[in-house]
Amino acid sequence: MHPFSFTRARTIDAALAAGARGGRYLAGGTTLVDLMRETVERPSSVVDINDLPLHEISSTSSGLRIGALARMSDVGAHPAVRTRYPAIAQALELSASAQLRNAASIGGNLMQRTRCTYFRDVSASCNKREPGTGCAALHGHNRTHAILGTSEACVAAHPSDLAVALLALDAVIHLRSRAGARSVPVANFLLRPGTTPEREHDIRPGELITAVDVPAAAHTRTSGYLKVRDRQSYEFALTSAAVALHIEEDVIRSARVAVGGVATVPWRLPAVEHRLLGARPSRQLWVDAAAKAADGARSLRHNAFKAELLRRTVARQLGTVGGRK
Amino acid sequence: MTPSAVGAPVSRVDGHAKVTGAATYAAEFEAPRLVHAVMVSSTIGLGRVTGIDTRAARAQQGVLEILSHLNAPELPYRDFRTSIDPPVGERLHVLQDNRVRFFGQPIAVVIAETLETARHAAGLVEVTYAAEQPSTELATSRARPLVPAGEQGNYSRGDVDAALRTAHRVVDRKYRMVRESHNPMEPHATVARWEGDTLTLWDKTQWVQSTAPQIAAVFGLPKSAVRVISPYVGGAFGSALRAWPHVTLAAMAARHVGRPVKLVLTRKQMFSGTGYRAAVDQRIALASDRNGRLTGLVHEARAETSRYEQHQDAVLELARVLYSVPNVRASYRLIPLDVPTPTFARGPGRTPAAFAIESALDELAYELRMDPIELRLRNEPARDESTGRPFSTRRLRECFSVGAQKFGWERRNPRVRSTRDGHWLIGTGVATACYHTLRGAARALARIDADGSATVSSATSDMGPGTYTSMSQVASDGLGVAMSKVRFRLGDSHLPLAPSHGGSQTMASVGSAVQDACDKLREAAIALAVADPQSPLHGADPQQVRVRGGRLFLRSAPHRGETYERLLRRQRRTHLEASGTYTPGEEVDRYSSYAYGAVFAEVAVDESLGLVRVRRLLSAFDAGRIISPKLAHSQAIGGMVGGIGMALLEHSVTDHRDGRLVNAGMADYLVPVNADVPEVDALYLNGEDKTADPIGVKGLGEVTIVGVAPAIANAVHHATGRRVQNLPITLESVL
């Protein structure tokens, strides 16, 4: 760990001022501290923001607002989240371990960095960690890596379960800096690697995530999250699917499908959604729609299984949420 | 009458100390003026160090020294080899030259006032290399295979080729098992302190009496100059049997800076610095007649080792002794690679062998349309067919019968894919477990003090099985004093002789010595009492005197007696003590002694998503006498959970381009978590094996992991119809 200065911000203004001077925000610390220990992250200044008034979770008729400092465990246990946005509660409960969920914040969850082990090993080449050094994973051990949204520069999978559910439910992220406030849809907030894999978020220097909004919609109540992984707990997804369906009079009126574990960012599946929209739920429909789930996939040496696994994961979760299993 | 302590389900005597943090582990020892050392590890897999720039590291305030091959003292590295060290080759001579032999090799050590400074400075050391292409992959290596000496390398009886030609059925399959790391919870750590030319090491070790002379040999010191202290070990599974290079580095650093040094390995450094279970490729060919009698067995194994040492496991033992087979041919080859030396890992040799043999047997059972248990029972040998010796005890049949009954085996529909539960296919499987009863010479010292308390000691270890507790139980019965009055001491090389705390030999060896010491001490006390005119027992026949609850009394007249305390006070003695011994005798050569088990697994497989989940695991063990049932059970289910890890999850992944381990951490090297471990249970046949050793045990720790992986793989076959011959059984292998 490299030496750094540590301060605690008591107000949002104080935090933003420290952020403007280059301070890195620290909430749960479950990503940043690990990476600092491995010297992947070397901030010179760390600002503890846990005292800021950003912990609130509120649900109204227009939607759900989650404060950026709300803990994963608190959000997952919130009655309104569990009944009106079950995909979010399930994604949270299937994340990490109970101890980590107690510590980790929602804002931090969206800022967490990839589990690519080459990224986390400072002796390996990694364009995300050190632009221009090459991607060790591209021809290395890449069983857990992405098959969608990759580039020659980076094939690291995005690790968040929550972000997949938020993407499916069209969530919006609220940001603040000394220059003012702005809002960015989750879909635009997380960036594909392209030729600049070191840029992972649409976030500006000193900007702080203050809240996440999830708009209310008929489909959020009938939503769910499926996570497929090597062990039954405390492990990242090989594939996952967040599905939300609004079915009325045996017709799918709205459909939201996003997947995780397979892409460099949480991955929305518009072609699958399109196939579902206006159709009558059936076992065959789930399989037909899911057939498009891995379109455009480019597999690597050790993760060719993910394309078929993804189609099956989506089909299974469509059946779970939409019935007619 | 006080019930016997042996056989009672007592809790860990050191449990309170462990859960309250009072138990001191290696990394927790402190000494005045102690400083910290952190290793710098190579980031190439083969080649030479061409330069080490320490300027930035040395500029850090608090850095005392940075040692590398450029400035490290030359060490004598006198010849030293125990049963744990590979029989061929020479241990890594740390910081003695510029060669890099494997990725992650220690190439420098930073010594600083604080751990934080040492860690930071270690990251600032700039190393340049002349890298070469390492060869680290067992399957593709073109290295000339090395042949272990004797029956370890080649074994044959009868004419197996003829048996294969004339067999009713032949099953001929290949099996692959990847490298695993031991991953005990406690990190390896050493605190080294010199006083003149004598060295004290507080170390994580399963064998204080090997570490001490080993480090003495490395530094060219007399054996008596090194003392090793290791009162608690937080798991090891074999990783702490040898003294690895970091122990030498800690001692080297401490001598160099003239202050005590603490060196704690990171989790990542443990993957390349403390051994591992070698990857092994195997072939099994089974020949049988139409009744399921085995007529031939071919077992071929190839395992990885380092270029500088030939670590050997007893991979061929099961082929020689487990079943009745007239014709056997077995061979074991080592493939030298640019990797660190592997070492013994729980159930060494027999665990990979059992995966191959027990998987092939299951397949044969299906070909013969025979119940897999029946097939095994039809091949029960009457004696050890490799030596002709009788078994001291062998109750494998009973293991299968009591296990099958408890598991509900008779309800099984043998047809594959016959049971469903929603998305899940359900299957059950069995396998045999077997592990040699190892015994080694041991001594123990028993002492009773004038306050009536007892202290018994031997230089053994307690890496988790509960040595403190089980030895206290033996001593409690032997001395006739309450458990609460007994203190057992271990983990100090100055204590009486003990063999390595590995190979399941501790209770057989040290336990027998403790029993002998306590018997002698009790008899000495009785002799004192009956000879003492002031004793109520004066003149009594010593054979008629019993001791219970610290009181000596006449069997026929229990009111006639006195306590140890009274006897010693009247005799004006501060204490009584006696030394006990155990030496393996001719029984080791006259009898074939093994612990056995029958392992039953139930799995659920979601074929669509590739998920394999263990639903139930049950083993029935023939391990001789069970001294400490509660801790034995803890030991057993722990070993079985290790077997789940082997079957489904564990894999130290190497990037063969440069020899780097890519998942060297607990986030990426997967072991079972609670959610992966459902109902795990074990049964133990009542009985004892006093032919094997005086205390009547056959060892339990090792045998508990043998047979688990094939039982699970066989259950996966029963569920799905699919044979998985490579471990771990990954999601993609059943998709």
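What you see is a predicted model; the values in this text were computed from it and never measured. (Residues numbered from 1 in each chain as written. Chains lettered and ligands numbered in written order. Predicted model: local features only at pLDDT ≥ 70, side-chain atom pairs only at ≥ 80, totals over all residues. Heavy atoms only, no water.)

K.L.:
Can you break down the UniProt feature "domain: Aldehyde oxidase/xanthine dehydrogenase a/b hammerhead" (unreviewed entry) in chain B residue by residue, with the values?
P.N.:
Within the UniProt annotation, "domain: Aldehyde oxidase/xanthine dehydrogenase a/b hammerhead" (unreviewed entry) is assigned to residues 20–133 of chain B. Split by type, residues 20–133 of chain B is 13% helix and 32% strand. Its first and last C-alpha atoms lie 49 Å apart. (UniProt positions renumbered as here; feature names shortened; annotations may be inferred. Helix = DSSP H or I, 4+ residues; strand = E, 2+ residues; numbered from the N terminus.)

K.L.:
Can you tell me about the packing of aromatic side chains, naming the residues and giving the values?
P.N.:
Residue and element names in this part refer to chain B. Under the defined criterion, the tally for this structure stands at 13 aromatic pairs over all chains. Ring centres of Phe271 and Tyr669 lie 5.4 Å apart, and the angle between their planes is 70°; this geometry places the pair in the edge-to-face category. Here the residue Phe271 occupies a position in helix H7 (residues 267–273), and Tyr669 occupies one in the loop between strand E30 (660–661) and strand E31 (679–684), the gap between them amounting to 398 residues. The interplanar angle of 45° and the centroid separation of 6.3 Å between the aromatic rings of Tyr594 and Tyr596 together place this pair among those described as tilted. A relative accessible area of 6% places Tyr594 in the buried class. Seen from the ring of Tyr276, Arg179 lies directly overhead, with NZ or CZ sitting 3.8 Å from the centre. One residue, Arg616, lies across the ring of Phe407, its end atom 4.0 Å from the ring centre. (Phe/Tyr/Trp six-rings, centres within 6.5 Å; stacked < 30°, edge-to-face > 60°. Buried < 20%, exposed > 50% of the residue type's maximum accessible area, 1.4 Å probe, protein only. Lys NZ or Arg CZ within 6 Å of the ring centre and 35° of its normal.)

K.L.:
Please give an account of the side chain of Glu602 of chain B that cites residues and values.
P.N.:
Residue and element names in this part refer to chain B. Examined against the element boundaries, Glu602 turns out to sit in strand E27 (residues 594–606). A relative accessible area of 14% places Glu602 in the buried class. Leave out the neighbours within four places in its chain, and Glu602 touches Phe407, Ile426, Gly427, Thr428, Arg613, Val614, Arg615 and Arg616. (Contact = heavy atoms within 4.5 Å.)

K.L.:
Any details on empty space enclosed by the protein? Residues and values, ideally.
P.N.:
Over the atoms rolls a probe the size of a water molecule, and its path tells where empty space is left. Summed over the entire model, instances satisfying the criterion amount to 11 cavities of 30 Å³ or more. The volume enclosed by the largest cavity comes to roughly 230 Å³. Contributing to the lining of the largest cavity are 25 residues, with Leu92, Ala243, Trp244, Pro245 and Gly273 of chain B lying nearest its centre. Considering only residue class, the lining of the largest cavity consists of 13 nonpolar, nine polar and three charged. Estimated volume of the second largest cavity: approximately 130 Å³. Taken together, 18 residues line the second largest cavity, and the ones lying closest to its centre are Lys128, His158, Leu191, Glu200 and Thr264 of chain A. Class assignment for the residues of the lining of the second largest cavity results in nine nonpolar, five polar and four charged. (1 Å grid on protein atoms, 1.4 Å probe; cavity = no way out; pocket = protein on both sides within 12 Å on 5 of 7 lines; lining within 4 Å. Points joined across faces, edges and corners; volume = space filled by probe spheres on them. Nonpolar A, V, L, I, M, F, W, Y, C, P; charged D, E, K, R; others polar.)

K.L.:
So, the interface of chain B and chain A: which residues are in play, and what are the values?
P.N.:
Taken together, the 31 residues of chain B in the interface contact 30 residues of chain A. Taken together, the two surfaces of chain B and chain A that pack against each other cover about 2,800 Å², and 53% of this comes from carbon and sulfur. Where chain B touches chain A, the interface holds four salt bridges. Between Arg660 of chain B and Asp121 of chain A there is a salt bridge, with its nearest N and O atoms 2.8 Å apart. Along the contact surface separating chain B from chain A lie 17 residue pairs in polar contact (both at pLDDT 80 or more). Of all the secondary structure elements, the ones that give two or more residues to the side of chain B that touches chain A are helix H3 (115–124), strand E28 (611–622) and helix H18 (731–734) of chain B. Its residues placed into classes, the side of chain B that touches chain A shows 15 nonpolar, five polar and 11 charged. (Buried area = accessible area lost by both parts, 1.4 Å probe. Salt bridge = Lys/Arg side-chain N within 4 Å of Asp/Glu carboxyl O. Polar contact = N/O pair within 3.5 Å; in protein donor to acceptor, adjacent residues only side chain to side chain.)

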